[in-house]
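# Structure at a glance
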Amino acid sequence: MKAIRVHENGGPEVLSFEEVEIPFIGEEEVLVKVESAGINFIDTYQRSGLYQIPLPSTLGLEASGTIVDVGTNVTGLRVGDRVAYTNVAGAYAEYAAVPADKLVSIPESVSFDQGAAAMLQGCTAHYLSMSTYKVQAGDRCLIHAAAGGVGLLLIQMVKMLGGFVIGTVSTEAKAELARNAGADEVILYNDRDFQSEVLKITDGAGVNVAYDSVGEATFAKSIDCLCRFGHMVLYGNASGPVTEFNPATLGPKGSLFLTRPTLFDYLASREDLDWRSGDVFRWISENKLNLRVEHFYSLSEAQSAHQALESRQTTGKVILRP
Ligand code: NDP
């Protein structure tokens with residue numbers, strides 16, 4: 001089968017399109033023929049070395065597809081079932097061996113592309129808005145990179161919960177997408193100082209929560225956008241990691257909360273996996289959640305897909321089709 005392998009850390013050029021063996025499955029695993037593999041910003045961190053993975057590796061943490069073989073101890077799953085998963089390495093490939101307990105079934109009304117997009121980015125938006133900081137009606141919420149894969153979903157979920165969304169984006173075209181997703185206000189953060197804009201929009205009160213996936217470039221100012229007891233949710237590093245911070249500063253700024261969450265803790269139990277993916281699939285089926293899946297690449301084009309994602313050319317979900 002074909003797969004995208006990484007032998008050394010580096011730029012998109014280290015993504016190698018190769019012929020490899022179809023993986024063997026263990027007793028508790030199934031073999032999935034991958035129809036759609038999600039591309040996520042975390043893949044770029046694993047490729048570059050910002051997040052360490054064993055090398056060589058097949059990249060990719062999220063996919064949907066059809067079961068073509070089932071391990072001897074697996075119950076409740078059959079050849080031909082439509083499934084999706086996240087947090088298992090090796091999705092940039094034609095076939096993947098996946099532990100049965102990581103799989104969820106995709107409803108008929110949800111496409112393979114939607115199924116892949118729902119797992120990592122959909123469940124991330126779910127845990128951020130429902131668990132890390134549970135948005136209450138009337139809460140003011142700042143969402144950076146609002147037209148990105150997670151961003152567009154997070155806007156919609158915060159709106160479902162009754163929050164007021166201030167999004168930030170780099171271009172007017174992205175601002176339009178964020179508004180269409182429900183953002184109440186959008187700031188072009190490359191052109192304007194987002195901190196003073198947020199304080200203006202909120203009449204000086206600040207926001208209850210800042211969802212910050214941009215990291216280094218926005219972190220300090222995001223904290224200064226918060227109201228008393230506000231929550232700083234740093235969940236990504238698109239501009240680079242935050243490496244220096246003095247927690248003592250959280251007190252005088254209003255007894256603030258700071259967290260650095262990761263999806264994999266919020267999907268660690270089967271109950272959480274079923275709850276989050278079930279909500280996301282149901283909202284897609286009921287047309288309450290619009291998944292913008294716009295950028296498609298074949299497996300051999302993985303380098304171009306990473307280049308586009310890292311140079312801020314993409315919006316919504318980026319999909320690889322093996
Ligand atoms: P996106 O589609 O959001 O792409 C990243 C966006 O970040 C870009 O489109 C760009 O939007 C913005 N950005 C700002 N500064 C930069 C920069 N210097 N270089 C590149 N992009 C920049 O990606 P994803 O939806 O896949 O992921 C979004 C973020 O969420 C990532 O940081 C990712 O690591 C994080 N994440 C964290 C998870 C967790 O559990 N902690 C789980 C899933 C994702 P613009 O042009 O508008 O500025």
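Here is what the cut-offs are and how they apply
- Residues numbered from 1 in each chain as written.
- Predicted model: local features only at pLDDT ≥ 70, side-chain atom pairs only at ≥ 80, totals over all residues.
- Heavy atoms only, no water.
- 1 Å grid on protein atoms, 1.4 Å probe; cavity = no way out; pocket = protein on both sides within 12 Å on 5 of 7 lines; lining within 4 Å.
- Points joined across faces, edges and corners; volume = space filled by probe spheres on them.
- Helix = DSSP H or I, 4+ residues; strand = E, 2+ residues; numbered from the N terminus.
- Nonpolar A, V, L, I, M, F, W, Y, C, P; charged D, E, K, R; others polar.
- Buried < 20%, exposed > 50% of the residue type's maximum accessible area, 1.4 Å probe, protein only.
- Domains from an automatic or database assignment.
- Contact = heavy atoms within 4.5 Å.
- Buried area = accessible area lost by both parts, 1.4 Å probe.
- Salt bridge = Lys/Arg side-chain N within 4 Å of Asp/Glu carboxyl O.
- Polar contact = N/O pair within 3.5 Å; in protein donor to acceptor, adjacent residues only side chain to side chain.
- Expected span 1.5 Å × (residues − 1).
- Near = heavy atom within 4 Å.

## A closer look at the layout of surface pockets
Approximately 190 Å³ is the volume found for the second largest pocket. In this structure, the second largest pocket is lined by 13 residues; those nearest its centre are Met1, Arg5, Pro23, Thr58 and Gly90. For the lining of the second largest pocket, the elements supplying multiple residues, two or more each, are β4 (57–58) and β7 (95–99). Top contributing element to the lining of the second largest pocket by residue count: β7, with three residues. Residue classes in the lining of the second largest pocket are distributed as eight nonpolar, three polar and two charged.

## Here's the deal with unusual backbone geometry
Backbone torsion omega between leucine 55 and proline 56 reads -5°, so that peptide bond is classified as cis. Relative to the helices and strands, proline 56 is located in the loop between α1 (41–48) and β4. Unusually for a residue other than glycine, phenylalanine 229 sits at a positive phi of about 65°. Positionally, phenylalanine 229 belongs in strand β13 (residues 226–234). The class of phenylalanine 229 is exposed, set by a relative accessible area of 51%. For asparagine 287, which is not a glycine, the phi torsion comes out positive at approximately 60°. You can see asparagine 287 is positioned in the loop between α8 (270–285) and β15 (293–298).

## Some words on the domain arrangement of the protein
You can read the domains of the protein as domain 1 (2–120 + 268–321) and domain 2 (136–260). A separation of 28 Å is found between the C-alpha centroids of domain 1 and domain 2. The interface of domain 1 with domain 2 comprises 16 residues on the first partner and 18 residues on the second. A combined buried area of about 1300 Å² lies between domain 1 and domain 2, and 62% of that area is made up of carbon and sulfur atoms. Scanning the region where domain 1 abuts domain 2 turns up zero salt bridges. Our enumeration of links across domain 1 and domain 2 arrives at eight residue pairs in polar contact (both at pLDDT 80 or more). Those elements that place two or more of their residues in the side of domain 1 that touches domain 2 are α1 and α8. Residue classes in the side of domain 1 that touches domain 2 are distributed as eight nonpolar, four polar and four charged.

## Things to note about α8
The terminal C-alpha atoms of α8, which comprises 16 residues, lie 22 Å apart, in line with the 22 Å expected from a rise of 1.5 Å per residue. Among all positions of α8, only Leu273, Arg276, Ser277, Asp279, Val280, Phe281, Trp283 and Ile284 are buried. Contacts from the buried residues of α8 go to β6 (82–86), β8 (104–105), α2 (112–132), α3 (149–160) and α7 (263–266). Phi for asparagine 287, located one or two positions after α8, is positive at around 60°.

## Details of the site of the ligand
Taken together, 29 residues are adjacent to the ligand, and Tyr127, Ser170, Lys174, Tyr189 and Arg312 come closest. Take glycine 149: an N or O atom from its main chain is 2.9 Å from an oxygen atom of the ligand. Among the elements of the structure, α1, α2, α3 and α9 (302–310) are those that each provide at least two residues to the shell around the ligand. Ranked by residue count, the leading element in the shell around the ligand is α2, at four residues. Partitioning the shell around the ligand into residue classes produces 14 nonpolar, eleven polar and four charged. When residues of the shell around the ligand are sorted by domain, at least three fall in each of domain 1 (2–120 + 268–321) and domain 2 (136–260).

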